[in-house]
Amino acid sequence: MGSKRPARRDFLKSGAALAGGLTLGAAAPALGQTPDHPDHPEMIKGDKDQIAYGDRSRFVTSVRIAHGGRPSPDAFGLVFHVASPLQDSVGMITPSSLHFVGTTRGSYIPQIDPAKHSLLIHGMVDRPLTFSMDDLKRLPSVTRPHFMECAGNRTSPRAKTVQESHGMTSCAEWTGVLLSVLLKECGLKPGASWFVAEGSEEVKGASSMPIAKAMDDCFVAYGMNGEALRPQQGFPLRLMVPGFEGIFHTKYLRRIKVVDRYYLNYNDYGHLDQEPKIAALEYQIGPKSVITFPSGGHQLPGRGFYEISGLAWSGGGAIRKVEVSTDGGRHWNIAEIKGTAYRMAHTRFGHKWNWDGQETELLSRCTDELGQVQPSRAQLAKFWNKPLDPSFSVPGLDNTIQPWRIGSDGSVRNGNA
Amino acid sequence: MGACAMGMLKVLLFVLLMGVCALAQSPTYGVGRTPSAEEIRASDISIGPTGAELPPGRGTAKEGAQVYRRTGCAGCHGATGTGGRAPVLKGTAPSTTKTWDRGRILPIRSPYATTVWDYINRAMPLNREGTLTADEVYALTAFLLYINDVIPEDQVLDAQSLPKVKMPLRSDEFASLPDWKPRTPRLKGYPY
């Protein structure tokens, strides 16, 4: 590592400049012109915009990227999938600006005036009701951290970074009204077994879901990380379906219809499967974890101590246990869970590691409150009776263990490559 | 007097219980507005397998071929339903191919004709979604089903006939979704 200790000469120079400025009678040190020195950093002058809504430091450059090789935005300004920079993440919450984005077909973002937006609930209910945004904010609220993950969050040999292999998952604190509260307000009719949720974007994306999920923990969210939802996340209202694949979390939610069967509308068609087992695995997300530091593209400066850090989550509930291996899976160590492991939320874990400078592989695996264990690709290939080669595609959402290969030069590469 | 008091108590208990039952079925907060039947009808574009929500209107494949050209479908999906940038709409696999293996082609893989109608009505044409008339959607649905040999060219599709169309994908050729229960693994017997 190159030392950044300042030379005494620089210090004297900057002091002289400052003194000179003062003797010349300037009102204040020339902002933004002081040399780069730890004791005398450049000063940011307050401006109206920064007071109103703060920015991050210009030295923090972590950004989202288009996912899956499709440009976002494209030449027409359509947004496809956008992945979150997990390699830079800390804690369990994804900042709203860095939360992954998924769209069903490439989409413009609807510019919705919340004063004109409403949610209609109808179908097999005693009393159809329309809720304005103001109505919803009068009702008892819940605030819960939940992850959301896109079904396309699939590791591949081509992925160079954890953003490319796992960036289509994020976790935010969501605030809204339980769907069960709204459905009780409407009164469910006997035989109501499914509901269809519909958004206001151009395709009016619609998904069918079981009413049991609606009554258990779905909620209509208007808040995200302490403020209003972002337009990319469905402003002013989105459906939260904790632990289910991302596509069910209907953005720009405008209508919920209570029905007595699977409706096979728009998103349901795209979600159609031949195999009942695979259909089941494309619904509730399995236990999954990934090491975010060190991960693909990071460079370890040398042997010695590192805290390995990562995220674990499951659609089955809370994470009970995370294990980390620093020797390619020969030994597994119980990782430390940082803070509270919330249900259906990213859970940050850490493991103390002294790197001896030798080549090795880092792995993590998790177990959720239902006892479901994150599998390796080898375990899954065996379970499905398929040959273990790069062509083996994990049925349902890919929740396999991600290996990161540490080179003797401190480089970190995708172990699936 | 004891009997009388008991009787009173029973009546009281009955009234109380009825009150609780009534409470459970009536709104707790009384927030929200009752929409008119017309409002609901206008925004309800979910067409389920029974077709109960289908609006009045009609169309045939011949009319659909004209709509296909006129509304610009051909620009993205190709003049004959293949060869465009957008998803293929006409199957090209030999007729002996299993339906599922013919690919994700809307008029072939949709288990119900209502799914085709719902899809076109909701999401087409690109950037002008929701602008097709009911007649145009019936006609386009008929056209797509006709070019894939699902219905004859002269069949009229309307709210009554469309849900009755026998689609190529049989009900045992696609997965119905499993019952979902809180706090249960995603697939029984699957440890992962």
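For the structure, check the block above.
Let me sum up the structure you'll find in this document. On a predicted model such as this, the values are computed, not experimentally measured, just so you know. (Residues numbered from 1 in each chain as written. Chains lettered and ligands numbered in written order. Predicted model: local features only at pLDDT ≥ 70, side-chain atom pairs only at ≥ 80, totals over all residues.)

### Notes on the overall build of chain B
- Counting its secondary structure elements, chain B contains 7 helices and 2 strands.
- Counting helices and strands in the order they occur from the N terminus, chain B gives α-α-β-α-α-α-α-α-β.
- Taken over 192 residues, chain B has a buried fraction of 29%.
- Residue pairs in contact within chain B that sit at least 24 positions apart in sequence constitute 62% of those at least 6 positions apart. (Helix = DSSP H or I, 4+ residues; strand = E, 2+ residues; numbered from the N terminus. Buried ≥ 20, exposed ≤ 12 C-beta atoms within 10 Å, placed from the backbone. Contact = placed C-beta atoms within 7 Å.)

### So, the overall build of chain A
- The helix and strand inventory of chain A stands at 9 helices and 21 strands.
- The dimensions of chain A, computed from C-alpha atoms along their principal axes, are 80 × 60 × 40 Å.
- Across chain A, every contact between residues at least 6 apart in sequence was considered, and the portion connecting residues at least 24 apart equals 70%.

### What about the interface of chain B and chain A?
- At the interface, 42 residues of chain B touch 55 residues of chain A.
- Where the side of chain B that touches chain A is concerned, the elements lending two or more residues are α2 (37-43) and α6 (113-123) of chain B.
- For the side of chain B that touches chain A, the element with the most residues is α6(B), which contributes 5 residues.

### Re the packing of α6(B) against helix α7 (residues 134-147) of chain B
Residues and elements named next belong to chain B.
- Running from N to C, α6 and α7 cross one another at 125°; their axes reach a closest spacing of 9 Å. The angle between α6 and α7 falls in the class oblique. The interaxial crossing formed by α6 with α7 has right-handed handedness. Contacts from Ala113, Val116, Trp117, Ile120 and Asn121 of α6 reach α7 at Val137, Leu140, Thr141, Leu144 and Leu145.
- Each residue belonging to the contact of α6 with α7 can be placed in one class, and the counts come to 8 nonpolar, 2 polar and no charged. (Axes fitted to C-alpha atoms, helices over the stretch in contact; angles between N-to-C directions. Parallel < 35°, antiparallel > 145°, perpendicular 65-115°, else oblique. Left-handed = near helix turned anticlockwise from the far one by under 90°. Nonpolar A, V, L, I, M, F, W, Y, C, P; charged D, E, K, R; others polar.)

### Side note on the sheet that holds strand β13 (residues 288-293) of chain A
Residue and element names in this part refer to chain A.
- Taken in spatial order, the 4 strands line up as β13-β14-β18-β17 in an open sheet, and their pairing is antiparallel. Strands with a single pairing partner mark the edges of an open sheet, and in this sheet they are β13 and β17 (336-337).
- Note: β13 against strand β14 (residues 304-313), 5 bridges, orientation antiparallel. Looking at the pairing, valine 290 lines up with leucine 311 of β14. (Pairing = 2+ DSSP bridges.)

### Structural notes on the packing of helix α3 (residues 61-70) of chain B against α7(B)
Residue and element names in this part refer to chain B.
- Running from N to C, α3 and α7 cross one another at 105°; their axes reach a closest spacing of 7 Å. In terms of their interaxial angle, α3 and α7 are classed as roughly perpendicular. On the side of α3, the interface is formed by Ala61, Glu63, Gly64, Ala65, Val67 and Tyr68, while α7 contributes Glu136, Ala139, Leu140, Ala142, Phe143 and Tyr146.
- For the contact of α3 with α7, a count of residues per class yields 9 nonpolar, 1 polar and 2 charged.

### Here we look at the environment of A:Asn385
- Summarising the element assignment, A:Asn385 is placed in the loop between α9 (377-383) and β20 (404-406).
- Taking C-alpha positions, A:Asn385 is 51 Å from A:Met133, a pair spaced 252 residues apart along the chain.

### Observations regarding the nonpolar core
- In this structure, A:Ile121, A:Phe195, A:Val220, B:Ala142 and B:Phe143 are the most contacted members of the largest nonpolar core, which totals 116 residues.
- Counting residues per element, this core draws most heavily on α7(B), which supplies 10 residues.
- With sequence-adjacent residues up to four places away left out, B:Phe143 is seen in contact with B:Ala61, B:Gly64, B:Ala65 and B:Tyr68.
- In terms of nonpolar packing, the next biggest core, distinct from the first, is built from 6 residues, A:Ala83, A:Phe100, A:Val101 and A:Cys150 among them. (Core = buried A, V, L, I, M, F, W, Y, C linked by C-beta atoms within 7 Å.)

### Things to note about the pairing of strand β3 (residues 118-123) of chain A
All names here are of chain A.
- Most of β3 sits out of view: 6 of its 6 residues are buried.
- Sheet topology note: the β3/strand β4 (residues 129-132) ladder contains 4 bridges and is antiparallel. Looking at β4, one finds that isoleucine 121 is bridged to leucine 129.
- Count of turn residues in the β3/β4 antiparallel hairpin: 5 residues.
- Note that β3 and strand β12 (residues 253-259) share 4 bridges and pair parallel. Residue pairing for β12: histidine 122 is matched across the bridge by lysine 257.

### What to know about the sheet that holds strand β7 (residues 194-199) of chain A
All names here are of chain A.
- Taken in spatial order, the 5 strands line up as β4-β3-β12-β7-β8 in an open sheet, and their pairing is mixed. With partners counted over all chains shown, the strands left at the sheet margins are β4 and β8 (206-210), one partner each. Averaged over all pairs of adjacent strands, the angle between their axes in this sheet comes to 20°, without regard to strand direction.

### Structural notes on the pairing of β8(A)
Residues and elements named next belong to chain A.
- In terms of residue burial, β8 counts as a mostly covered element, since 4 of its 5 residues are buried.
- In this sheet, β8 lies alongside β7 in antiparallel orientation, the contact comprising 5 bridges. Within β8, the residue paired with alanine 197 across the bridge is serine 207.
- Counting the residues that bridge the hairpin from β7 to β8 gives 6 residues, and of these lysine 204 lies at a positive phi of roughly 50°.

### Concerning α3(B)
Residue and element names in this part refer to chain B.
- For α3, the full list of buried residues reads Ala61, Gly64, Val67 and Tyr68. Down the axis of α3, the buried side of the element spans an arc of 105°, and every buried residue falls inside it. The exposed set on the far side of α3, more than 90 degrees from its buried face, consists of Gln66, Arg69 and Arg70.
- Where α3 is buried, its residues meet β1 (58-59), α4 (73-77) and α7.
- Following α3 by one or two positions, glycine 72 adopts a phi angle in the positive range, close to 90°. (Arc of directions from axis to C-beta.)

### Thoughts on unusual backbone geometry
- Between A:Ser72 and the following residue, A:Pro73, the backbone shows a cis peptide bond with an omega angle of 0°.
- Turning to its location among the elements, A:Pro73 is positioned in the loop between β1 (65-66) and β2 (82-83).
- Residue B:Met124 is joined to B:Pro125 through a cis peptide bond whose omega torsion reads -15°.
- Here B:Pro125 is to be found in the loop between α6 and α7.
- Phi at A:Tyr252 takes a positive value of approximately 50°, unusual for a residue other than glycine.
- Secondary-structure assignment places A:Tyr252 in the loop between β11 (238-240) and β12.
- Overall, A:Tyr252 belongs to the buried group, with 24 C-beta atoms counted inside 10 Å.
- A positive phi angle is found at A:Leu264, which is not glycine, with a value near 50°.

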